[in-house]
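Observations on chain architecture
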Amino acid sequence: MNRQSMDINTINTIPSPCYVIEEELLENNLKVLDMVQKASGGKVILALKGFSTYHTFPMVKKYLPGVTASSLNEALLGVNEFGGEIHAYSPVYLPNEIDGILEHASHVTFNSLAEWERYKEKVKAKGVSAGLRINPEYSEVTTDLYNPCVVGSRLGVRAEQIGDELPEGIEGLHFHTLCENGAETLERTLEAVEERFGHLLHQAKWLNMGGGHAITRKGYDTELLINLIQQLRKNYNLQVILEPGSAVGWETGPLISTVLDIVENQGTTTAMLDVSFAAHMPDTLEMPYKPRVRGAVEDGKYHYNLGGTTCLAGDFMAGYSFEAPLKVGDKIILEDMIHYTMVKTTTFNGVNLPSIGMYKKDGSFELFKSFGYESYKDRL
Ligand SMILES: Cc1ncc(COP(=O)(O)O)c(C=O)c1O
């Protein structure tokens, strides 16, 4: 059956601005991830840092056995809204959070040997399975902001710092060096991991291969991923875990916005929107990348910048063109705005956060949340 995509009448009933998760698209992604688990014997858990819209968890947990948390707040969200296994990794644990995390976690990964030493008695007392984040010194990520293997990186322990034996009490190894990469990148990364850490993999009970696997992107080689996981399990007799965030929310819905004004300056026309690139889509400026807009064309007759609501001069996105002129009241639909958006929003300038809702399989829209003054004031 063909998917019923949101029509303009439905879109016009949705409060603007709004992140709209499409139920069917999310479920399709979860089915792919579940297929990988079942075919490979590995485990796929949700990285809450990338997608934590808990209203969807009743569906997500039908497919994934748990979550990975980077803080006590994420661990509590996992416990209260997801259930299942709670894995934890943070570049550094806060002294006032570690006990709470150990209370709930099944697995906890430390970023340094010193931190493991600091907390190992607590970890053992709680019976939590402990791991070390390793730095394989190999990453194909070209943007330094997202590359944990830059020289001098604070993320992960290098092989020579560990030596021949896993520290007593450490059961797992964890690496996270991918970012929206294919299985071929994982294959090359594993060569580096095995070369530097192969002797330690033989001693470990589990290997967590982090996130950054673009498993739900069209053209991703799931067969290769499945083979790689199977080989690891066979060669080292260990459990293999993946903890994607992006792959769960990948292309599962847009951020719907509205044109509020059109301003012209020195030949540039800007359609002013009711959303902010800085506050509601920060990766567009940080990474940076240009989001796709529904209906925008390569070389249309009418050219616009899209302007955000905050006073930041750079809160705009250049270079969109359309076949027809934009006018006040038009909807601008920014595609693929579910992962790493809601988790990173701010209320800079006091701008409201966009609402959050779901376009359901039956064609209806369910509003999960809208925000107002209290949400803004609460964080100050
Ligand atoms: C340690 C770790 N695990 C998992 C993830 C999730 O990565 P992604 O959302 O790219 O799959 C991240 C993201 O930064 C991470 O740092």
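Up top is the structure.
Please read these numbers as outputs of a predicted model, since none were measured by experiment. (Residues numbered from 1 in each chain as written. Predicted model: local features only at pLDDT ≥ 70, side-chain atom pairs only at ≥ 80, totals over all residues. Heavy atoms only, no water.)

**Concerning the overall build of the chain**
We apply this condition: Secondary structure counts use DSSP, requiring at least four H or I residues in a row for a helix and at least two E residues in a row for a strand, with both numbered from the N terminus. Atoms counted for the radius of gyration: C-alpha only. Globule rule: 2.2 Å times residue count to the power 0.38. In this scheme, a residue with accessible area under 20% of its type's maximum is buried, one over 50% is exposed, and one in between is partly exposed, where area comes from a 1.4 Å probe on protein chains only. Here, residues are in contact when the closest pair of their heavy atoms is within 4.5 Å. Here the open area of atoms and residues is found with the Shrake-Rupley method and a 1.4 Å probe, where only the protein chains shown may cover a residue. Charged-residue counts in this description rest on Lys and Arg as positive and Asp and Glu as negative, His and the chain ends being excluded. Where a charge lies is defined by one atom per residue type: Lys uses NZ, Arg uses CZ, Asp uses CG and Glu uses CD.
Within the chain, the secondary structure is distributed over 13 helices and 17 strands. On C-alpha atoms alone, the chain measures out to a radius of gyration of 22 Å, which is about the 21 Å that the 2.2 N^0.38 rule sets for 380 residues. Expressed as lengths along the three principal axes of its C-alpha atoms, the size of the chain is roughly 65 × 45 × 45 Å. Within the span of the chain, comprising 380 residues, buried residues form 53% of the whole. Within the chain, counting contacts between residues at least 6 apart in sequence, those at least 24 apart form 67% of the total. Accessible surface for the chain amounts to roughly 17,200 Å². Of this, 48% is attributable to carbon and sulfur atoms. Computed over 34 positive and 49 negative side-chain charges, the inter-centroid distance for the chain is 3 Å.

**Overview of the nonpolar core**
Heads up, the rule is: In plain words, nonpolar cores are sets of buried Ala, Val, Leu, Ile, Met, Phe, Trp, Tyr and Cys residues tied together by side-chain atoms within 4.5 Å. Each domain span listed reflects an automatic or database assignment of domains.
Core analysis: the biggest nonpolar cluster contains 95 residues, and Leu-46, Leu-64 and Met-209 have the highest contact counts within it. Both of domain 1 (8-19 + 251-378) and domain 2 (23-249) provide at least three residues apiece to this core. Setting aside residues no more than four positions away along its own chain, Leu-46 makes contact with Phe-51, Phe-57, Val-60, Leu-64, Gly-66, Val-67, Thr-68, Phe-82, Pro-244 and Val-248. Counting residues in hydrophobic clusters, the runner-up holds eight residues, among them Cys-18, Val-20, Ile-256 and Ile-333.

**Remarks on the side chain of Asn-305**
Test applied: Polar contact criterion, stated in full: a pair of N or O atoms within 3.5 Å, where within protein one must be able to donate a hydrogen and the other to accept it, and residues adjacent in sequence count only if both atoms are side-chain atoms.
Position of Asn-305 relative to the elements: it lies in strand S13 (residues 302-307). Residue Asn-305 is classed as buried on the basis of its relative accessible area, which comes to 14%. A polar side-chain atom of Asn-305 sits 3.3 Å from the main-chain amide nitrogen of Gly-319. Excluding its chain neighbours within four sequence positions, the residues that come into contact with Asn-305 are Thr-268, Thr-269, Thr-270, Ala-271, Phe-316, Met-317, Ala-318 and Gly-319.

**Things to note about the state of the cysteines**
Cut-off, in case you're wondering: Disulfide: a pair of cysteine sulfur atoms within 2.5 Å of each other.
Following the criterion strictly, the structure yields zero disulfides and no others. Looking at the unpaired Cys-179, the closest cysteine sulfur is the one in Cys-149, lying at 12 Å.

**Some remarks on the packing of aromatic side chains**
Going by this rule: Each aromatic pair joins two rings of Phe, Tyr and Trp (for Trp, the six-membered one) with centres within 6.5 Å, and gets the label stacked for planes under 30 degrees apart, edge-to-face for over 60, and tilted for any other angle. By the criterion adopted, a ring carries a charge over it if an Arg CZ or a Lys NZ lies within 6 Å of its centre and within 35 degrees of its normal.
Across all of its chains, the model carries six aromatic pairs by this definition. An angle of 45° between the planes, with centres 6.3 Å apart, marks the rings of Tyr-373 and Tyr-376 as tilted. Taken as a pair, Tyr-373 and Tyr-376 lie in helix H13 (residues 373-378) at a separation of three residues, close to a single helical turn. The rings of Tyr-93, Phe-110, Trp-116 and Tyr-119 are connected pair by pair, giving a single aromatic cluster. The lysine or arginine in question, Lys-290, covers the ring of Tyr-320, its NZ or CZ lying 4.7 Å from the ring centre.

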